[in-house]
Amino acid sequence: MRLKVITSNSGKVNEYREALSSFSITADPVKIQYDEIQSSDPEEIVRKGMDHLKASGISDFIIDDSGMFVDSLNGFPGVYSAYVQETIGNAGILKLMENVSDRKAVFLCCIGCNISGKDIMVTGKCDGVILEKEAGAEGFGYDPIFSHDGKRSLAEMPLSEKNNISHRGNAVKLLVKEIEKMIR
Ligand code: ITT
């Protein structure tokens, strides 16, 4: 099976390639500009994105909307994660977290997948904490400041190890279960 991975983010492409290959699914990266609506609900953002792509005649694809939600910042940056990463970046988040003792955060990844005209939507999560400083050179985005075990950041893990515990890796596991139900 082949699925188009529609994203502008090459880090996501690498993760999908690795995660899907274990299930004999080939990920073909495709860059298509489509408008992401503003919403506080990642599933709504994905649903509207899928509708837009299907209306343009595109099928057999994956899109995802991901975000990091920090408890002590009332869920910020959450659905604004892309904008916040581009503007204040990891250094800005660390600044906001100075002298904050509750460092709990969660990463969510909502995947929308269209296969043979049918839609599947799943959400994976990864609980963790915001580290005191950036660490590691792997991955992308918030990986250097987010840690699942409170010790190593996601950017200190090889890609396959991140996929084992990450929001996107967990979403892919749920997606594959749904695909298996669909083709059974
Ligand atoms: P597309 O919408 O084109 O897929 P994007 O990078 O804008 O790419 P998102 O809106 O889903 O994707 O991501 C929101 C932000 O969160 C963005 O800055 C990402 O770099 C970051 N992000 C997403 N997944 C991440 C992950 O697994 N690790 C670290 N940062 C991540």
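Note that the structure is a prediction, hence the values are computed from the model and not measured.

Cut-offs used in this document
- Residues numbered from 1 in each chain as written.
- Predicted model: local features only at pLDDT ≥ 70, side-chain atom pairs only at ≥ 80, totals over all residues.
- Heavy atoms only, no water.
- Helix = DSSP H or I, 4+ residues; strand = E, 2+ residues; numbered from the N terminus.
- Expected span 1.5 Å × (residues − 1).
- Buried < 20%, exposed > 50% of the residue type's maximum accessible area, 1.4 Å probe, protein only.
- Arc of directions from axis to C-beta.
- Polar contact = N/O pair within 3.5 Å; in protein donor to acceptor, adjacent residues only side chain to side chain.
- Near = heavy atom within 4 Å.
- Areas by Shrake-Rupley, 256 points an atom, 1.4 Å probe, with all protein chains shown as cover.
- Nonpolar A, V, L, I, M, F, W, Y, C, P; charged D, E, K, R; others polar.

Draft legend 1. Region of the structure containing the environment of Ala-27. Relative to the assigned elements, Ala-27 resides in strand β2 (residues 26-30). A sequence separation of 34 residues divides Ala-27 from Phe-61, and the C-alpha atoms of the two residues are 9.0 Å apart.

Draft legend 2. Representation of helix α2 (residues 42-55) in the model. With 14 residues, α2 extends 20 Å between its outermost C-alpha atoms, agreeing within 8% with the 20 Å of an ideal straight helix rising 1.5 Å per residue. Those residues of α2 that fall on the buried side of the exposure criterion are Pro-42, Ile-45, Val-46, Gly-49, Met-50 and Leu-53. The buried residues of α2 occupy an angular sector of 130 degrees when projected down its axis, which confines them to one face. With a side-chain oxygen positioned 3.0 Å from the backbone nitrogen of Glu-43, the residue opening α2 is Asp-41. Trailing α2 by a residue or two, Gly-57 shows a phi angle of about 85 degrees, which is positive.

Draft legend 3. Here's a closer look at the site of the ligand. Surrounding the ligand, one finds 19 residues, the nearest of these being Thr-7, Ser-8, Lys-12, Asp-143 and His-167. Take Tyr-142: an N or O atom from its main chain is 3.0 Å from a nitrogen atom of the ligand. At a separation of 2.9 Å, a nitrogen atom of the ligand approaches a polar side-chain atom of Arg-168. Burial of the ligand by the surrounding chains reaches 89%, relative to a free accessible area of 600 Å². Looking at the shell around the ligand, the elements with two or more residues in it are β3 (61-70), α3 (81-87) and α6 (167-183). Its residues placed into classes, the shell around the ligand shows four nonpolar, eight polar and seven charged.

Geometry only, nothing functional implied.
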